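Residue-level listing of the chains:
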Amino acid sequence: MADKQISLPAKLINGGIAGLIGVTCVFPIDLAKTRLQNQQNGSRLYTSMSDCLIKTIQSEGYFGMYRGAAVNLTLVTPEKAIKLAANDFFRQHLSKDGQKLSLLREMLAGCGAGTCQVIITTPMEMLKIQLQDAGQCFMTNQCLVSQTNTNRSQRSDQVPGGPVELRSHTAMQLTRELLRSQGIAGLYKGQGATLLRDVPFSIIYFPLFANLNSLGGCGADGPAPFYVSFASGCIAGSTAAVAVNPVDVIKTRIQTMTRGSQEDTYGGVTDCIRKILRQEGPSAFLKGAYCRALVIAPLFGIAQVVYFLGVGEFLLSFLPQQNN
């Protein structure tokens, strides 16, 4: 993302288009990340990302990999637009006479961007995780029924077990249930963990991207080629994603509402950290890390290319100009 002047409407359009394209491309990997992170000891249904995706297709069909995608596709436009536009806003106000920002000021701009986006990110993640986790709960129930039938078959008084049906909830149904039972706070469950993830992510990502992108600039003030912007976005995104993955695991666990009888529930960030360390060990905080890197890298690489190409400015050029 070069420091060229872009109007606010163009920034919002760029962020929205980048989010829509990126989510469509990488959402199945994001689903695998959520399900891997939600696995606790004694409920290990999936051994890897590929195993998760294969089992998801087998049990839920191809479109099962896109469970919860509608929420992301709806809210990713304002979420990404706020994140990218806020970073540009803070960078411009922290710069002195157009001079290059210091590393500290770049980190402050990223901090501001991460803080602003949480207003959209928290409810989006809350709804998405419930929809993504529904299939995992279905698989768990199938395993329990299969185990029950196996045990019954070993007894003379066998009683056939009934089939387990996958209940399909929509985002609107979940929203209404949360608002009715918990109020607006229900949609913002895990907001503290979301802040702890998104603010450090932005502090790492934006300065790292800006410095990597500047290495490929054409001349002293020339912008970097689009492939340099894409590569810089991928590298910075994957680095920041892995760095904050432990907090992402905590956020996912806290926001998941449906629990098995043998699974822990969490009363907050510190309670979640303590129980994970006690029950699963430090390695549990790295669950889904490579999936998250594979999700974030192209997502932000695409975002930077959209900014580089000026898609928002191009689309705005078709609007009639108002004369004063």
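Given the structure is predicted, the values throughout are model-derived calculations rather than measurements.

Chemist: Before we go on, may I ask you to explain the packing of helix α3 (residues 69–94) against helix α11 (residues 289–309) in this structure?
Modeler: Describing two packed helices takes the angle between their axes plus the distance from one axis to the other. For the pair α3 and α11, the least separation of the axes is 12 Å and the interaxial angle reads 60°. Our classification of the angle between α3 and α11 gives oblique. Judged by the sense of rotation from one axis to the other, the crossing of α3 with α11 is right-handed. Contact with α3, carried on its side by Lys80, Lys83, Leu84, Ala85 and Asp88, involves Leu299, Phe300, Ala303, Gln304 and Tyr307 of α11 and no other residues of that element.

Chemist: Can you help me understand the packing of aromatic side chains in this one?
Modeler: For any pair of aromatic rings, geometry is given as the distance between the ring centres together with the angle between the planes. Going through the model one piece at a time under the given rule, you end up with 10 aromatic pairs. With centroids separated by 6.1 Å and ring planes inclined at 45°, the aromatic side chains of Tyr62 and Tyr66 adopt a geometry described as tilted. Take Tyr62: its relative accessible area is 47%, and that puts it in the partly exposed class. Between Tyr205 and Phe300, the aromatic rings sit 4.6 Å apart at their centres with planes inclined by 55°, giving tilted as the arrangement. One end of the pair, Tyr205, is in helix α7 (residues 191–215); the other, Phe300, is in helix α11, and 95 residues separate them in sequence. Comparing Tyr205 with Phe300, the two get one shared label, buried.

Chemist: Explain the environment of Gly112 to me, please; I cannot follow it from the model alone.
Modeler: Inspection of the secondary structure puts Gly112 in helix α4 (residues 103–153). Gly112 sits in the buried class, given a relative accessible area of 13%. Here the alpha-carbon distance between Gly112 and Asn87, two residues 25 residues apart in the chain, equals 6.9 Å.

Chemist: What am I meant to see in the nonpolar core here?
Modeler: The nonpolar side chains of a soluble globular protein tend to be buried with one another. Core analysis: the biggest nonpolar cluster contains 35 residues, and Met49, Phe201, Tyr205, Ile296 and Phe300 have the highest contact counts within it. Secondary-structure elements contributing two or more residues to this core are α1 (8–37), α2 (49–60), α3, α7, α8 (226–243) and α11. Looking at which element gives the most residues to this core, the answer is α11, with 9 residues. Here Ile296 is in contact with Phe201, Gly237, Ser238 and Ala241, once residues within four sequence places are set aside. Judged by nonpolar contacts, the second largest core, of 9 residues, contains Ile250, Tyr266, Cys272 and Ile276.

Chemist: Explanation requested: a nonpolar patch on the surface in the structure shown.
Modeler: A cluster of nonpolar residues, Phe226, Tyr227 and Leu309, forms a patch on the protein surface that exposes about 360 Å² of accessible area. In this structure, Tyr227 sits in helix α8. The exposure class of Tyr227 is exposed, given its relative accessible area of 53%.

Chemist: What's the story with the UniProt feature "transmembrane region" (unreviewed entry) in the protein in this structure? I'm lost.
Modeler: What UniProt calls "transmembrane region" (unreviewed entry) maps, in this numbering, to residues 12–32 and 293–319. Annotated as residues 12–32, this span is 100% helix and 0% strand, and its ends, taken at the C-alpha atoms, are 29 Å apart.

Chemist: It is not clear to me how the environment of Ile273 should be interpreted in this structure. Could you clarify?
Modeler: With respect to the helices, strands and loops of the structure, Ile273 is situated in helix α10 (residues 269–279). Using a relative accessible area of 30% as the deciding quantity, one classes Ile273 as partly exposed. Sequence-wise, Ile273 and Ile250 are 23 residues apart; in three dimensions their C-alpha atoms are separated by 7.1 Å.

Reading guide: rules and limits
Residues numbered from 1 in each chain as written. Predicted model: local features only at pLDDT ≥ 70, side-chain atom pairs only at ≥ 80, totals over all residues. Heavy atoms only, no water. Axes fitted to C-alpha atoms, helices over the stretch in contact; angles between N-to-C directions. Helix = DSSP H or I, 4+ residues; strand = E, 2+ residues; numbered from the N terminus. Parallel < 35°, antiparallel > 145°, perpendicular 65-115°, else oblique. Left-handed = near helix turned anticlockwise from the far one by under 90°. Contact = heavy atoms within 4.5 Å. Phe/Tyr/Trp six-rings, centres within 6.5 Å; stacked < 30°, edge-to-face > 60°. Buried < 20%, exposed > 50% of the residue type's maximum accessible area, 1.4 Å probe, protein only. Core = buried A, V, L, I, M, F, W, Y, C linked by side-chain atoms within 4.5 Å. Patch = residues over 30% accessible without salt bridge, like charges linked within 9 Å, V, L, I, M, F, W, Y side chains within 5 Å. Areas by Shrake-Rupley, 256 points an atom, 1.4 Å probe, with all protein chains shown as cover. Salt bridge = Lys/Arg side-chain N within 4 Å of Asp/Glu carboxyl O. UniProt positions renumbered as here; feature names shortened; annotations may be inferred.

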